[in-house]
Amino acid sequence: GGAAAAAGADEFGKRYFYNAPFDPDGAFVAGWIVPVLHYTMGGITMDSNGAVLRADGTRILGLHAAGEVTGGVHGHNRLGGNSLLECVVFGSIVGKALAEEVKQARALAAEAAM
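Our subject in this report is the structure included herewith. Every chain begins its residue count from 1, and numbering advances along the sequence as written. Only residues with pLDDT of 70 or above have their local features reported here, since the model is predicted, and side-chain atom pairs are shown and tallied only from 80 upward, although totals for entire chains, interfaces and linings are computed over all residues. Side-chain figures throughout are based on the complete set of non-hydrogen atoms in the structure, without hydrogens or water.

Working definition: helices are DSSP H or I runs of at least four residues, strands are E runs of at least two. Numbering for both runs from the N terminus. Per the secondary structure count, the protein chain includes two helices and two strands. Order of helices (α) and strands (β) in the protein chain, N terminus to C terminus: α-β-β-α. Between buried and exposed lies partly exposed: a residue is buried under 20% and exposed over 50% of the maximum accessible area for its type, with that area taken using a 1.4 Å probe on protein chains only. Going through the 114 residues of the protein chain one by one, you find that 16% of them count as buried. Residue contacts are counted whenever heavy atoms from the two residues lie within 4.5 Å of one another. Of the contacts made within the protein chain by residues no fewer than 6 positions apart, 45% connect residues no fewer than 24 positions apart. Each accessible area value is a Shrake-Rupley result obtained with a 1.4 Å probe; residue values ignore everything except the protein chains displayed when judging cover. Roughly 9,000 Å² of accessible area belongs to the protein chain as shown, and the carbon and sulfur atoms make up 62% of that amount.

On to the environment of Gly 67, then. Mapped onto the elements of the fold, Gly 67 is located in the loop between strand S2 (59-64) and helix H2 (82-113). For the pair Gly 67 and Phe 90, spaced 23 residues apart in sequence, the C-alpha to C-alpha distance is 6.8 Å. Sequence-distant contacts of Gly 67, that is, excluding residues within four places in its chain, are made with Glu 86 and Cys 87.

Given below as structure tokens:
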């Protein structure tokens, strides 16, 4: 700790001693470190446009998903850092799909009003 930091290296060659040397009589701040769930693998099944699918594979009209709630994108494991990219990519895909659905719904509504 402090002696190795003052010497510039320890017996193992470690040269960087963050927060050292420190005063053993000084104030210490402690915090709880607990395991947390930071990513879920699996979840809602969706098609290539982000439409949520029932167990039988049929679409639930008007319901779309993107991000960590979806399943099957990464298989049984994912590369670290991919979740933000997943949200951006599938968020964009879902946004475009929903915009097209709204466009089609408006066209149908305009036809029905004539």
